[in-house]
Amino acid sequence: MRINFVSFSQWLILCGIVCGKYGEVIMLILFFFLLLTFKKGQIYNCKGIIVFFFLLGSYTIPLLLFNGYSLAKFIQQYTLLFFCVFIYRQFFILNRTNLDALWNKYIRISYYVSVLGIIQFIICLFIGIDIFPNAFVPDGRVMRIHSIFQEAGNLGTFLIPAVAYIVFSRNFFLTHIRLSLIVLVVELLTFTTIAYTAFLLIFVTWCYTSFKSIRYLLMGIVVFVFYSFITSTQVLSDNGNDLFLVMKTKFIQTIPKADNFSPNDFEMLNLSSYSILSNLWVASQAPMRMTGTGLGSHELNYERVYQSDDPKYGSNKTDAYSLLIRIYSEFGYLGLFLFFVFLIKFYNPANVMSKCMIFLFISMGVRGGHYTLYGVVFFSFFYYYLHTVSYTHLRA
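Residues numbered from 1 in each chain as written. Predicted model: local features only at pLDDT ≥ 70, side-chain atom pairs only at ≥ 80, totals over all residues. Heavy atoms only, no water.

Novice: Just give me the short version of the overall build of the chain, but keep the residues and values in it.
Specialist: Looking only at helices and strands, the chain features 17 helices and zero strands. Taken across its 396 residues, the chain has 50% of its residues classed as buried. Nonlocal contacts in the chain, meaning residues at least 24 apart in sequence, comprise 68% of its contacts between residues at least 6 apart. A total of about 19,000 Å² of accessible surface is found on the chain, and carbon and sulfur atoms cover 67% of it. (Helix = DSSP H or I, 4+ residues; strand = E, 2+ residues; numbered from the N terminus. Buried < 20%, exposed > 50% of the residue type's maximum accessible area, 1.4 Å probe, protein only. Contact = heavy atoms within 4.5 Å. Areas by Shrake-Rupley, 256 points an atom, 1.4 Å probe, with all protein chains shown as cover.)

Structure, rendered in structure tokens:
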């Protein structure tokens, strides 16, 4: 039986992404060797990638040396990022005419990891064992579903484009009821603030575009419910372990501190609020805010401008907790400008997938500062190649 290499490569890459950092690297290496075999030793032209990384190195090295920073972290990040970008470029050139099939497989992978999450949740609920041990909450019985992902937040973020597609794509829910319900339920059972926020944004956008005559009324209702949730004095229970109460606490402790804060303020907050605010404070206090301090320098900025004996010190200092914070820290206002230019320039309003990916990048911007973990490079290339595709049609 002859194997369809393009289809096989799509499954290979997507399985690698959901398996985490090492799984993704291993699958990328395997794909590259298979590609060399399939193409008989030839690779696709990547002159643009070479030029980009030459400019990135020429930009970063002087900044690091000027600030007295070691080049070790830069070399590590530069090598890993080049590896991922180079091979994903090969992958997407091979698949640029098969984006429908690739998207279809992403939806199926989202379904499969969601099923594993449901199984995980049921087993934990009845016998208290996490078959993918990692993410118990303090009471030991109710858990945030994380499936095979490292954290529930990683799973929630990965599922966001699928959730958006279920909401936005006409007739998809009706023709894929079981798949849609399982993905939506698992997204909610991650009990993560970023998943619920993304879900709210998706729903508001759907209301705005689908009910033009009463759009403002519906949006007003959603805003009122959200405001009531944040300002209420009790959420479902007074139990400190209540997951909805935890999400509410993150909102009410983070947002008021974001515009005027100092280490004395955020060291008194919950771990999630502390992580995002401490890293934001570091990014704002780091040198050279216009240009940033270069690739891989956020951890060095953290250690230079912020020292503390607080037990939470160092939380998420390697990834800045947030992609936007890390870009701001390492590439300054210039990096943020280029990031938003990328999102605007390659947004395709004629393609529902492009719209779905916007919510993914918003979520990554808030929660998820790794450049190469769980498909950040993959989704960036996917978004880029979708800018010329006018539709996405799923067959399965």
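Still more to cover.
Novice: Explain the packing of aromatic side chains to me, using residue names and the numbers behind them.
Specialist: Within this structure, the stated rule accounts for 44 aromatic pairs. Taking the ring centre of tyrosine 328 as reference, the NZ or CZ of arginine 289 above it sits at 4.9 Å. Above the plane of the ring of phenylalanine 346 lies lysine 345, whose end atom (NZ or CZ) is 5.7 Å from the centre. (Phe/Tyr/Trp six-rings, centres within 6.5 Å; stacked < 30°, edge-to-face > 60°. Lys NZ or Arg CZ within 6 Å of the ring centre and 35° of its normal.)

Novice: Can you break down the nonpolar core residue by residue, with the values?
Specialist: One finds Phe31, Tyr88, Phe92, Phe158, Phe378 and Phe382 to be the most contacted residues of the largest nonpolar core, which totals 102 residues. The element best represented in this core is helix H4 (residues 72-95), accounting for 11 residues. Setting aside anything within four residues of it in sequence, one finds phenylalanine 31 in contact with Phe5, Ser9, Leu12, Ile13, Ile87, Gln90, Phe91 and Leu94. (Core = buried A, V, L, I, M, F, W, Y, C linked by side-chain atoms within 4.5 Å.)

Novice: Give a detailed account of helix H6 (residues 152-168), specifying residues and quantitative values.
Specialist: Compared with an ideal rise of 1.5 Å per residue, which puts 17 residues at 24 Å, H6 spans 24 Å between its outermost C-alpha atoms and is within 8% of the ideal. Approximately 40° is the largest bend angle found in H6, and it occurs at isoleucine 160, with the proline proline 161 only one to four residues beyond. Counting buried positions along H6 gives 16 out of 17 residues, so the element sits mostly inside the fold. (Expected span 1.5 Å × (residues − 1). Bend = angle between axes of the 7 residues up to and from the residue.)

Novice: Outline the pattern of salt bridges, listing residues and values.
Specialist: Inspection of the entire model under this criterion finds five salt bridges. Across the pair lysine 73 and glutamate 299 runs a salt bridge, and its minimum N-O distance is 3.5 Å. One end of the pair, lysine 73, is in helix H4; the other, glutamate 299, is in helix H14 (residues 298-305), and 226 residues separate them in sequence. Taking the relative accessible area as the measure of exposure, lysine 73 reaches 22% and is therefore partly exposed. The class for glutamate 299 is buried, based on a relative accessible area of 17%. (Salt bridge = Lys/Arg side-chain N within 4 Å of Asp/Glu carboxyl O.)

Novice: Outline the environment of asparagine 348, supporting the account with residue identities and numerical values.
Specialist: Mapped onto the elements of the fold, asparagine 348 is located in the loop between helix H15 (323-345) and helix H16 (352-366). On the basis of relative accessibility, which here comes to 8%, the residue asparagine 348 falls in the buried class. Within the structure, asparagine 348 has its side chain in polar contact with the backbone nitrogen of alanine 350 (distance 3.0 Å). (Polar contact = N/O pair within 3.5 Å; in protein donor to acceptor, adjacent residues only side chain to side chain.)

Novice: Could you give me a rundown of unusual backbone geometry, with the residues and numbers involved?
Specialist: Even without being glycine, serine 147 reaches a positive phi, approximately 55°. Phi is positive for alanine 320, which is not a glycine, with a value near 65°. Within the secondary structure, alanine 320 is located in the loop between H14 and H15.

Novice: Tell me about helix H2 (residues 20-38), and name the residues and values.
Specialist: Residues spaced three or four apart along an α-helix point in a common direction, a consequence of the helix completing one turn every 3.6 residues. Look at H2: 26 Å from first C-alpha to last across 19 residues, which is about the 27 Å you get at 1.5 Å a residue. Elements that come into contact with the buried residues of H2 comprise helix H1 (5-18) and H4. Just beyond H2, the residue with positive phi is lysine 40, at close to 55°.

Novice: Quick one: what's the story with the packing of H15 against H16, residue by residue and with numbers?
Specialist: Closest axis-to-axis distance for the H15/H16 pair is 13 Å, and the angle between their directions is 160°. Regarding the angle of H15 to H16, the classification is roughly antiparallel. Here H15 runs over H16; the crossing is left-handed. Of the residues in H16, those in contact with Leu323, Leu324 and Leu343 of H15 are Ile358, Phe361, Met364 and Gly365. Of the residues assigned to the contact of H15 with H16, the class counts are six nonpolar, one polar and no charged. (Axes fitted to C-alpha atoms, helices over the stretch in contact; angles between N-to-C directions. Parallel < 35°, antiparallel > 145°, perpendicular 65-115°, else oblique. Left-handed = near helix turned anticlockwise from the far one by under 90°. Nonpolar A, V, L, I, M, F, W, Y, C, P; charged D, E, K, R; others polar.)

Novice: So what's going on with a nonpolar patch on the surface? Residues and values would help.
Specialist: A cluster of nonpolar side chains, Leu116, Ile119, Ile122, Leu125, Phe126, Ile127, Ile129 and Ile131, forms an exposed patch at the surface whose accessible area comes to about 720 Å². Assignment of secondary structure puts isoleucine 119 in helix H5 (residues 99-127). (Patch = residues over 30% accessible without salt bridge, like charges linked within 9 Å, V, L, I, M, F, W, Y side chains within 5 Å.)

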